[in-house]
Amino acid sequence: MSKKNKFRFIGIMSGTSLDGVDLCYAEFWKDSKRQWQYYMPYVESYPYSEEWRNRLNTAEHLSAFEYIQLDRDLGKKLGELAKCFIEKHQLKVDYVCSHGHTIFHQTKLGITSQIGAGPEIAVACGHNVINDFRVGDVALGGQGAPLVPIGDQLLFSQFHYRLNLGGIGNISYEVDNETIAFDTSPANMPLNIYMRTLGKEYDDQGAFARRGLVRKEIFDALNHLPFYQTFEKKSLGKEWVETHYLPLLNKIDKIEDRLATSIEHTAYQIKRIIDQAEVHSKIRFGKPKLLITGGGAFNDYMIERIRTYCSNIEVVLPNEKIINHKEALLFAFLGNLRLHKEINCLKSVTGAKSNSVGGIIHYLFPNSKEIDQNQNDINEEEDTPPDFNKIIGCGG
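Each chain carries its own residue numbering, running from 1 in the written order of its sequence. Local features in a predicted model are, by the rule used here, given only for residues with pLDDT of at least 70; side-chain atom pairs are given and counted only at 80 or more, and totals for whole chains, interfaces and linings are based on all residues. The side-chain values count all of the structure's non-hydrogen atoms but skip hydrogen atoms and water molecules.

Paired strands, as defined in this entry, are two strands with at least two bridges between them according to DSSP. To qualify as a helix, a DSSP run of H or I must reach at least 4 residues; to qualify as a strand, a run of E must reach at least 2; elements of each kind are numbered from the N terminus. Spatially, the 5 strands line up as an open sheet ordered S10-S9-S8-S11-S12, and their pairing is mixed. The open sheet has two free edges, formed respectively by strand S10 (178–186) and strand S12 (314–316), since each of these has just one partner strand. If you compare each strand with its neighbour and ignore which way they point, the axes differ by 20° on average. As paired elements, strand S8 (residues 161–165) and strand S11 (residues 289–293) share 4 bridges and run parallel to each other. Across the sheet, leucine 163 pairs through a bridge with isoleucine 292, a residue of S11. Should any heavy atoms of two residues lie within 4.5 Å, those residues are counted as being in contact. Here an angle of 0 to 180 degrees is reported between the N-to-C directions of two axes, which are lines fitted to C-alpha atoms, with helices fitted over the stretch in contact. Relative to S11, helix H12 (residues 320–339) is tilted by about 80°, and along the sheet it contacts S8, strand S9 (168–175) and S11.

The following block contains the structure:
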């Protein structure tokens, strides 16, 4: 394939921080070395209204009927946003790819749920849709998260470490040519929760946290939580943050001290992970590079603390388009891989029984065709990854 054979996708991301919906338009093609390349000329962010934020923030308490209704309503909203985005930039689009919004994520019970119904998105935006990327991996015994490392591996391989500081932080890197990735700790979620009690959406540049003091006894207690006692193949959800993380921070009286302690914990956990990874990495010449994206990249105080803890690492902050929309880009890329029947869920990351091709396709147009090409430049193992549309009869 060349750039003449490009594939055009919209990526939609709604994160746990509840700040809004990110959309990007991206084109993908393979170069002469059969490596995926991308071009992302258009991006937009749409903040959630207070009503939508409240609906999503309390969704776990809904009845089954109300939950289904919210799933449908959010799908319609995401589709309408995609349509507005497409019309604004006069785009030609092959598929719209949506992460959805995570409400439940308890993989020990085999449960993960991202609402935003695919058929509703398709009807509202007028395009075929790919969504529900996590459920197949969870069915295979995996964490269903994080999913973006396959995109990190194929599109951002020039960086040794790729860290996204969203509501929950996640990191990816390679050891012996195998991609390792997992959630690092809560990042923006607790900060935004506390700032909203003060009538603000977020702590601008970390100015409020900078005035706070780190409470060492709480900092130590956070670091001793069971989640942090192992590396790899683990993920976090809102339930864990509310049950295990916030109760410890709430023992601190001043909100600025809660913020400072949480940020210190975030930075320290990143240092631990990188120190552990460096032990197993091959000898390098020069400093390893750490790419940081997500809303936390704009928190100057958080970045300062990460740089202090990781002084042996070159911390790279890309342009704002990548910082804000890398996850939307990578979910568009996951859809691209799904369409090409190439692996987009890595067992080395999630702990699943095998690699897989995740994502459910909702065809608005009956004559649409999937791309039929040989897959698996990524994984050289003999086992063939499951295609979940064929296994569970979804899509089509």
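So, on to the sheet that holds strand S13 (residues 360–362). Taken together, 6 strands build an open sheet; the order of strands is S3-S2-S1-S4-S7-S13 and the sheet is mixed. The two strands at the open ends of the sheet, each matched to only one other strand, are strand S3 (36–47) and S13. Within this sheet the neighbouring strands show an average axis-to-axis angle of 20°, counted without direction. In this structure, strand S1 (residues 7–14) lies alongside strand S4 (residues 95–98), joined through 4 bridges in parallel fashion. Bridge assignment links isoleucine 10 to a residue of S4, and that residue is valine 96. Sitting on the sheet, helix H3 (residues 118–125) touches S4, strand S7 (129–131) and S13, and the angle it makes with S7 is about 150°. Sheet contacts for H12: S1, strand S2 (20–30), S3, S4, S7 and S13; angle to S3, the most-contacted strand, approximately 120°.

Right, let's get into the pattern of salt bridges. By convention in these notes, a salt bridge is any Lys or Arg side-chain nitrogen within 4 Å of a carboxyl oxygen on Asp or Glu. What the rule picks out here adds up to 19 salt bridges. Across the pair lysine 238 and glutamate 242 runs a salt bridge, and its minimum N-O distance is 3.8 Å. With lysine 238 and glutamate 242 both in helix H9 (residues 238–249), this residue pair falls 4 residues apart, about one helical turn. Summary of the burial criterion: residues with accessible area below 20% of their type's maximum are buried, those above 50% are exposed, and those between are partly exposed, where the area comes from a 1.4 Å probe applied to protein chains only. Assessed through its relative accessible area of 16%, lysine 238 is described here as buried. Through salt bridges with shared partners, a single ionic network connects Glu50, Arg53, Arg196 and Glu201.

Here we take up the packing of aromatic side chains. For any two aromatic rings, the description comes down to two numbers: the centre-to-centre distance and the angle of the planes. Stacked, tilted and edge-to-face are the three classes applied to pairs of Phe, Tyr and Trp rings, where Trp contributes its six-membered ring and a pair requires centres within 6.5 Å; stacked means planes under 30 degrees apart, edge-to-face means over 60, and tilted covers the rest. Overall, the coordinates contain 15 aromatic pairs when judged by the stated rule. The interplanar angle of 40° and the centroid separation of 5.7 Å between the aromatic rings of tyrosine 67 and phenylalanine 104 together place this pair among those described as tilted. One end of the pair, tyrosine 67, is in helix H2 (residues 64–89); the other, phenylalanine 104, is in strand S5 (residues 101–106), with 37 residues separating them in the sequence. Seen in terms of ring centroids, tyrosine 228 and tryptophan 240 are 6.2 Å apart; in terms of plane orientation they differ by 80°. Their pairing is edge-to-face. Of the two residues, tyrosine 228 is situated in the loop between helix H8 (216–223) and H9 and tryptophan 240 in helix H9; the sequence distance between them amounts to 12 residues. For the pair tyrosine 228 and tryptophan 240, one class covers both residues: buried. Joined through ring pairs, the aromatic side chains of Phe9, Phe28, Trp36, Tyr95 and Phe333 make up one cluster. The rule for a charge over a ring is simple: NZ of Lys or CZ of Arg within 6 Å of the ring centre, and within 35 degrees of the ring normal. When the ring centre of phenylalanine 231 is taken as origin, the NZ or CZ atom of lysine 234, which lies over that ring, is 5.9 Å away.

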